[in-house]
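A look at the structure
Here are the chains, one letter per residue:
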Amino acid sequence: MTTMAERTHTTSGAPDPASGTTTLSLSKAVNEGLRAAMRRDDKVMLMGEDIGPLGGVFRVTDGLQAEFGEQRVVDTPLAESGIVGTAIGLAMRGYRPVCEIQFDGFVFPAFNQITTQLAKIHNRTRGAVSMPVVIRIPYGGGIGAVEHHSESPEALFAHTAGLRVVSPSNPQDAYTMIQEAIASPDPVLFFEPKGRYWAKGAVDLGTPVASATLNAAKVVRTGTDVTLVAYGPSVETALKTADALAAEGRSAEVLDLRAISPIDTAAVVASVRKTGRCVVIHEAPVFFGAGAEIAARVTEECFYALEAPVLRVGGFHTPYPVAKHEHEYLPSVDRVLDAVDRAFAH
Amino acid sequence: MTTTNGSNEAIPTLQLLDPLGNRVTTRGTKGYRDRAAALTAEDLRGMYRDMVLTRRFDEEATSLQRQGELALYAPARGQEAAQVGSAYALRPQDFVFPSYREHGVLQVRGVDPVDRLRFFRGSDHGGWDPNEHNANVYTVVIGAHTLHAAGYAMGVQRDGTPHDKHDGTAVITYFGDGATSQGDVNESMVFAAVNDAPVVFFLQNNQWAISEPTAKQSKTPLYQRGAAFGMPSLRVDGNDVLAVYAATQEALERARMGEGPSFIEAFTYRMGAHTTTDDPTRYRTTEQDEEWRRRDPIDRLAALLRAEGELDEDFEAQVKEAEAELGAHLRSGVRALDGGVPVSTFDDVYATPHGVVAAERAWYEAYEAGDPPTPQYAIADTAQGGAR
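Residues numbered from 1 in each chain as written. Chains lettered and ligands numbered in written order. Predicted model: local features only at pLDDT ≥ 70, side-chain atom pairs only at ≥ 80, totals over all residues. Heavy atoms only, no water.

1. Quick word on the domain arrangement of chain A
Residue and element names in this part refer to chain A. Worth spelling out the cut-off: For the purposes of this description, domain bounds are those given by an automatic or database domain assignment. Here, two residues are considered to be in contact whenever any of their heavy atoms come within 4.5 Å of each other. Defined in terms of a 1.4 Å probe, buried area is the accessible area two parts forfeit on being brought together, summed over both. Any Lys or Arg side-chain nitrogen located within 4 Å of an Asp or Glu carboxyl oxygen qualifies as a salt bridge. Distance and chemistry together define a polar contact, namely a pair of N or O atoms within 3.5 Å, with one atom able to donate a hydrogen and the other to accept it when in protein, and with adjacent residues in sequence counting only for side-chain atoms on both sides. The helix count covers DSSP runs of H or I at least four residues long, the strand count covers runs of E at least two residues long, and both are numbered beginning at the N terminus.
Annotation of chain A at the domain level lists domain 1 (4-212) and domain 2 (218-345). For domain 1 and domain 2, the distance between their C-alpha centroids amounts to 25 Å. The partner domain 2 presents 20 residues to the 25 residues of domain 1 that form the contact. Around 1,700 Å² of area is buried between domain 1 and domain 2 when both sides are counted, 53% of it from carbon and sulfur atoms. The tally of links from domain 1 across to domain 2 stands at two salt bridges. Summed over the shared surface of domain 1 and domain 2, the number is 12 residue pairs in polar contact (both at pLDDT 80 or more). Every element with two or more residues in the side of domain 1 that touches domain 2 is listed here: helix H7 (154-158), strand S6 (164-166) and helix H8 (171-183).

2. Considering the pattern of salt bridges
The line we're drawing: Per-residue accessibility, obtained with a 1.4 Å probe over protein chains only, is compared with the maximum for each type, and a residue is labelled buried under 20%, exposed over 50%, and partly exposed between these values.
If you walk through the whole model with that rule in mind, you get 44 salt bridges over all chains. Salt-bridge contacts for Arg164 of chain A lead to Asp186 of chain A; the nearest nitrogen and oxygen are separated by 3.1 Å. Of the two residues, Arg164 of chain A sits in strand S6 while Asp186 of chain A sits in the loop between H8 and strand S7 (188-193), which places them 22 residues apart along the sequence. Neither residue differs from the other here; Arg164 of chain A and Asp186 of chain A are each classed as buried. A salt bridge links Arg300 of chain B to Asp237 of chain B; the shortest N-O distance between them is 2.9 Å. On the criterion of sequence distance, the pair formed by Arg300 of chain B in helix H12 (residues 297-307) and Asp237 of chain B in strand S8 (residues 233-237) is long-range, its members being 63 residues apart.

3. Here's the deal with the sheet that holds strand S14 (residues 311-315) of chain A
What links the strands of a sheet is backbone hydrogen bonding, and the strands pair in either a parallel or an antiparallel sense. Residues and elements named next belong to chain A. Rule in force here: When DSSP finds at least two bridges between two strands, those strands are taken to pair. Fitted lines through C-alpha atoms serve as axes, helices being fitted only where they are in contact, and the angles separating the N-to-C directions of these axes extend from 0 to 180 degrees.
Ordered by their spatial adjacency, five strands build an open sheet running S9-S11-S10-S13-S14, and the pairing between neighbours is mixed. Each having just a single partner strand, strand S9 (218-221) and S14 make up the two edges of the open sheet. Across the sheet, the axes of successive neighbouring strands diverge by a mean angle of 25°, strand direction being ignored. Two elements, S9 and strand S11 (residues 252-256), share three bridges in a ladder whose sense is antiparallel.

4. Topic: the pairing of strand S2 (residues 44-48) of chain A
Residue and element names in this part refer to chain A. In terms of burial, S2 is a largely internal element, five of the five residues being buried. Both S2 and strand S4 (residues 96-100) contribute to a ladder of five bridges, which runs parallel. Each bridged residue has a counterpart across the sheet, and for Met47 the counterpart in S4 is Cys99. Both S2 and strand S3 (residues 73-75) contribute to a ladder of three bridges, which runs parallel. Residue pairing in the sheet places Met47 in a bridge with Val74 of S3.

5. Remarks on the confidence of the model for chain A
Applicable threshold: As a per-residue quantity, pLDDT reports the predictor's confidence and falls between 0 and 100.
With 94% of its residues at a pLDDT of at least 70, chain A reaches an overall mean of 94. In the predicted structure, residues 1-18 of chain A sits below a pLDDT of 50 and forms 17 contacts with residues beyond four places in sequence or in another chain.

6. What to know about the side chain of Glu154 of chain A
Residue and element names in this part refer to chain A. You can see Glu154 is positioned in helix H7. Polar contacts involving the side chain of Glu154 include one to the side chain of Tyr231, which spans 2.6 Å. Apart from residues lying up to four places away in sequence, Glu154 is in contact with Tyr139, Val165, Phe191, Tyr231, Ile260 and Ala284.

7. Structural notes on the sheet that holds S6 of chain A
All names here are of chain A. Taken together, the seven strands give an open sheet; going across it, the order is S3-S2-S4-S5-S7-S6-S12, and neighbouring strands pair in mixed fashion. With partners counted over all chains shown, the strands left at the sheet margins are S3 and strand S12 (259-261), one partner each. Strand-to-strand twist across the sheet, computed as the mean angle between neighbouring axes with direction ignored, equals 20°. Looking at chain direction, S6 and S7 are connected through three bridges and run parallel. Each residue of the ladder has a partner; that of Val165, found in S7, is Leu189. Of the strands in this sheet, S2, S3, S4, strand S5 (134-139) and S7 touch helix H2 (residues 26-40), which is tilted by about 135° from S2.

8. Digging into the interface of chain B and chain A
Let me state the cut-off plainly: In this count, Pro and Cys sit with the nonpolar residues alongside Ala, Val, Leu, Ile, Met, Phe, Trp and Tyr, while Asp, Glu, Lys and Arg are called charged and the others, Gly among them, polar.
Across the contact, 52 residues belong to chain B and 54 residues belong to chain A. Contact between chain B and chain A buries roughly 4,200 Å² in total, counting both sides, with carbon and sulfur atoms accounting for 56%. If you look at where chain B meets chain A, you find three salt bridges. With its nearest N and O atoms 2.6 Å apart, the salt bridge here joins Asp159 of chain B to Arg93 of chain A. The interface formed by chain B and chain A contains 23 residue pairs in polar contact (both at pLDDT 80 or more). Split by residue class, the side of chain B that touches chain A holds 26 nonpolar, 17 polar and nine charged.

9. Let's talk about unusual backbone geometry
Between Ser261 of chain A and Pro262 of chain A the backbone carries a cis peptide bond, its omega angle lying at 0°. Turning to its location among the elements, Pro262 of chain A is positioned in the loop between S12 and helix H11 (265-275). Phi at Arg126 of chain A takes a positive value of approximately 50°, unusual for a residue other than glycine. Following the sequence through the fold, Arg126 of chain A ends up in the loop between helix H6 (121-124) and S5. In this structure Arg126 of chain A comes out as partly exposed when scored by relative accessible area, which is 35%. Even without being a glycine, Ile210 of chain B presents a positive backbone phi close to 50°. With respect to the helices and strands, the residue Ile210 of chain B is situated in the loop between strand S6 (208-209) and strand S7 (212-213).

10. Here we look at the packing of aromatic side chains
The test is simple: Each Phe, Tyr or Trp ring (for Trp, its six-membered ring) is paired with any other whose centre lies within 6.5 Å, and the angle between the two planes then decides the class: stacked below 30 degrees, edge-to-face above 60, tilted in between. Throughout this description, the term charge over a ring refers to an Arg CZ or Lys NZ atom that lies within 6 Å of the ring centre and within 35 degrees of the ring normal.
The full count for this structure, using the stated rule, is 32 aromatic pairs over all chains. Between Phe157 of chain A and Phe191 of chain A the ring centres are 6.1 Å apart and the planes differ by 50°, which places this aromatic pair in the tilted class. Of the two residues, Phe157 of chain A sits in helix H7 while Phe191 of chain A sits in strand S7, which places them 34 residues apart along the sequence. Per residue, the accessibility class of Phe157 of chain A equals that of Phe191 of chain A, and both read buried. Summarising the aromatic geometry, the rings of Phe119 of chain B and Phe120 of chain B are spaced 5.1 Å apart at their centres and angled 90° between planes, so their arrangement reads as edge-to-face. An aromatic cluster is built from Phe57, Tyr73, Phe119, Phe120, Trp128 and Tyr138 of chain B, whose rings are joined through pairwise contacts. A cation over a ring is seen here: Arg277 of chain A above Phe344 of chain A, with NZ or CZ 4.0 Å from the ring centre.

Next comes the structure, spelled out in C-alpha cells:
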C-alpha cells in the first residue's frame, strides 16, 4: 500500500539535490529531453504546427522557441507531408530535425514521405545518406477526444523496414528516449502516450544518452506466473492488472517493450520461458497488431515452455469509437484480467 | 516573346532561338539575351556535345533494354535543351533533386553514365553518392523529391552560406507536368515561398504524363502556379537551350543571393515513350510527333552553331567519337555491373544494427549454407540491436 510520504516524493516537483532527480510530467520530460538535445547539438531543430509561441497543443515544446529562436523551432505551414518532406531535405543538408505531428490521426498526409522516402533513403543511397529524423506523434485514447485524436497507428510504421518505432511509458524513459531518438542516425517514429502526458514521475536529468533504452525492453515488475507485455500507455494498465492479480495470489511479470521496431524478442522470450503464459496489451487494434508479431515469435521460440496460447488484449477492428464509447474499445484492467484467467484455464 | 502551346492559345514564352536556329531579338528580353550572349562558342559547343550525348545515352539504354540488359528505361528524347541548358547554369556548390528522367542534367553533373543505369538494370535503387556530385539519386514517387529540395534549401539558409550570385548556394528540383497535380509539389512551393528558400522549381512540361495530356492536369498555364505561390515565374521555350540557360541562370542567381525561390516552366515535348514499356501510339497522333520533330532541340542548336561557323568537321568528328566511346562504355559497363562487390539485401536497411534485420540475415545466411536454424527468427534480435 502506497503511503502518503511516497506519493509526495513523486509529485513534489522539486529537484532532489542528493540524487539529481526531479519530478516531471511525461510531457515536461519530453520538453526537457528536447532542450538537452538542442543544447548539445546545434543541428537539432524542431518543426511542426503551433510549436513556437504556443508551445504545441500539448505544450511539449513550451519555451523552446524563446530559447533557441525561430530558425531552430519552426512553426511550419499546416501540411504534414511538407513537414516530413522538408525534414528529409534538411537531414540531407546535415540537420537533425524533430517533427511534431499534432495528433496521431494527422500523420497520414505524411505517410507517403515517411514510408517511401524517409524509411528508404539510407538504403537507396547504399548508406551514403543517413536520415536522423525523429517524428513525434502524440497517440492513444482515453482523453475524450473527437475523431482522429485518439488512434494508435504504430503497427503501420513498424511494418516498414528502415523505421524505428518506439514509445515511452513514463517520464524518465521519455526524457532519455527522446534524446536517444535524436542521436540515432536512423529515422525514429516516437509515439508519445498522450493519455499519460500529465502523469508524473522521477526523472534524473543527468541520465547519460546511449542507445540502450531505445531498443531494450525493461522488466518493470517481476513475477512468476504470467508475462504481461505492453508499451506506451498500456504499461500502466499492465501494472494495475498485476496489482489486481497479486491480490488474487497470482504473480505477474510486466515487460515494457519501449520499442516495437525492433522488438526485443529476447527479453520477451526470457520472461515467457519463466512464466509459461503471455498476454500482450496494446490500444492499437489486435488484428495485425504488434501483439500478433509477438505471439508468433513467442510461439516459435517458447512452444514447449507455454502453458497456454499467447493472448492479446487491445482495440477492435473498428474505427476508433466516439469518445462516449471509447471505454469499450480500450484495453482495460478488467479485460486483461479476463485474458489472464483464460490463460490459466488451459 | 510569344509562341503557341499547341492549342493556339497564346501564352507568353521566352524564346531566344527560333526553331530554325536564328537568334531572336524580341523586345523586353535584353537581360536574357545578354546572358545567352555571354556564352562563348566553346560553351555552346559543350552544350551541343552534352545534348548529343544525352540522346545517344537514350538510344543505347533503349537498345540495352530491348536486349534484356535493363529492366526498364525512361527516355529523355526531346528534352535535351531543357535539361542540358538548365544544368549548364548550375555551379558546383548547387544541389540537384531530379525525378527519374533527368539524364541530361546528370550528364552535365558528371555522374558516370553506367551509374545512371544501375537503377534501370535492377542492380541498385540509387546508383551514386548524392554528395559526390551534389545531385540526388532518382526519386520515383512523383513529386516527393520537391519537398526534399525545399528542405535542403532551408538547410542552406541555416548554414549561413554567403548571399552572392556566384558563391551562394542554390537548389534546383526537376519535375513534370503530371507532378504539378501532386500535393507534395504544391506543399514544397508553400514551404519554399514562406521561407524564401533558395530553390528553383524547374518544370519540364513535356505535355504527357504517360498517356494523359496536360489538359488533364490543369485549367491554367502551369507557369502561373509559381506566381500564385508568390515567386517569380517564367515560361520558356524548353527546346531553346539559350532561353532555358538564361532563365535558369537568372533564377539560380536570385536564389544564391538570398532572394528566394523561382518557378520555370520549360515547355517541351516528350518525343519518345514514357518508358520502354509504354506505347504512345495508343494515345497520341503521329502528326503531333512530326510537328515536334521539326522543333528538335538538337537540330536547333546545330543550326545556330552552323550559322555561326562553329560546327566544323573536326568538331563533328570529336562529337561522333565521344558518342562511340559513350556507347562502348555503356555496353560493357552495364553488363559488368553484376560482377561487382556482392551486396546483400540486408545491408544499409538501418544505419545502426536492428534486431529483426540482424536475425533475418543470420537465418538466411545459414539457410543458404544449407544449415537453417529453427525457429526462423532465432533470437539474434537481442536488446542492443542484435548484431551477432
